[in-house]
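Chain and residue survey
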Amino acid sequence: MAKVEGDSKEPMNEQAVANIYASMRTEINQIYSKITELEMEVSEHSLVINAIKPLDPSRRCYRMIGGVLVERTVKEVLPAVQRNKEGLEEVISRLTEALEKKKKEVTEFEAKYKIRIRKGDGEMKDESSKKEGNAQGVLVGPAGANE
């Protein structure tokens, strides 16, 4: 979306830039939350692996598959849980790479359109909004009212 509009020769208006920037930030936040969710699952898989590893391989073990609790043995479940954990770790590494690419893209977008982030309220601020002045939130009466 940003590349299509960014390739055109005519300058984009501030609202379009703000919308694109907001959507890019939203994507980054979604990737962060997905990585966090998958890291929690990897942690759970590690707990299960550590709990069933010392057990007898012929011992009964229950595993949830697609919402159905299935009875298996430890020797059947342990390799499957380890494979799932490895798969999750691979997905996390891919998401981390995608996150780094997206961060770089946002940084380039910020540089291209001179976007600055306000530290106080977290909203975006570009060069044209600096012209408004720094006295935001201060009420000033009419010029002759100081009597």
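Notes on the structure in this doc start here. (Residues numbered from 1 in each chain as written. Predicted model: local features only at pLDDT ≥ 70, side-chain atom pairs only at ≥ 80, totals over all residues. Heavy atoms only, no water.)

Observations concerning the pairing of strand 2 (residues 68-73)
Here strand 1 (residues 60-65) runs beside strand 2; their pairing, made up of 6 bridges, is antiparallel. Counted as the bridge partner of Ile65 is Val68 from strand 2. Hairpin geometry of strand 1 and strand 2 is characterised by an intervening segment of 2 residues between the two adjacent antiparallel strands and by a positive phi of about 60 degrees at Gly66. (Pairing = 2+ DSSP bridges. Helix = DSSP H or I, 4+ residues; strand = E, 2+ residues; numbered from the N terminus.)

Some thoughts on the side chain of Glu110
Residue placement: Glu110 occurs in helix 3 (residues 74-112). Buried charge without a salt bridge: Glu110, with Arg25 as the nearest opposite-charge side chain at an N-O distance of 4.4 Å. Within the structure, Glu110 has its side chain in polar contact with the side chain of Tyr21 (distance 2.4 Å). Among all residues touching Glu110, those that are not within four sequence positions of it are Tyr21, Arg25, Ile115 and Ile117. (Buried < 20%, exposed > 50% of the residue type's maximum accessible area, 1.4 Å probe, protein only. Lys, Arg positive; Asp, Glu negative; His and termini not counted. Salt bridge = Lys/Arg side-chain N within 4 Å of Asp/Glu carboxyl O. Polar contact = N/O pair within 3.5 Å; in protein donor to acceptor, adjacent residues only side chain to side chain. Contact = heavy atoms within 4.5 Å.)

Here we look at the pattern of salt bridges
According to the stated counting rule, one finds 6 salt bridges in the structure shown. A salt bridge links Glu71 to Arg60; the shortest N-O distance between them is 3.8 Å. Of this pair, Glu71 sits in strand 2 while Arg60 sits in strand 1, placing them 11 residues apart in sequence. Since its relative accessible area comes to 43%, Glu71 is described here as partly exposed. The class of Arg60 is exposed, set by a relative accessible area of 57%. A salt bridge links Lys103 to Glu100; its shortest N-O distance comes to 3.9 Å. One end of the pair, Lys103, and the other, Glu100, are both in helix 3, 3 residues apart, so they sit about a helical turn from each other. Since its relative accessible area comes to 30%, Lys103 is described here as partly exposed. Owing to a relative accessible area of 44%, Glu100 belongs among the partly exposed residues under this scheme. The network of salt bridges with shared partners includes Glu27, Lys102 and Glu105.

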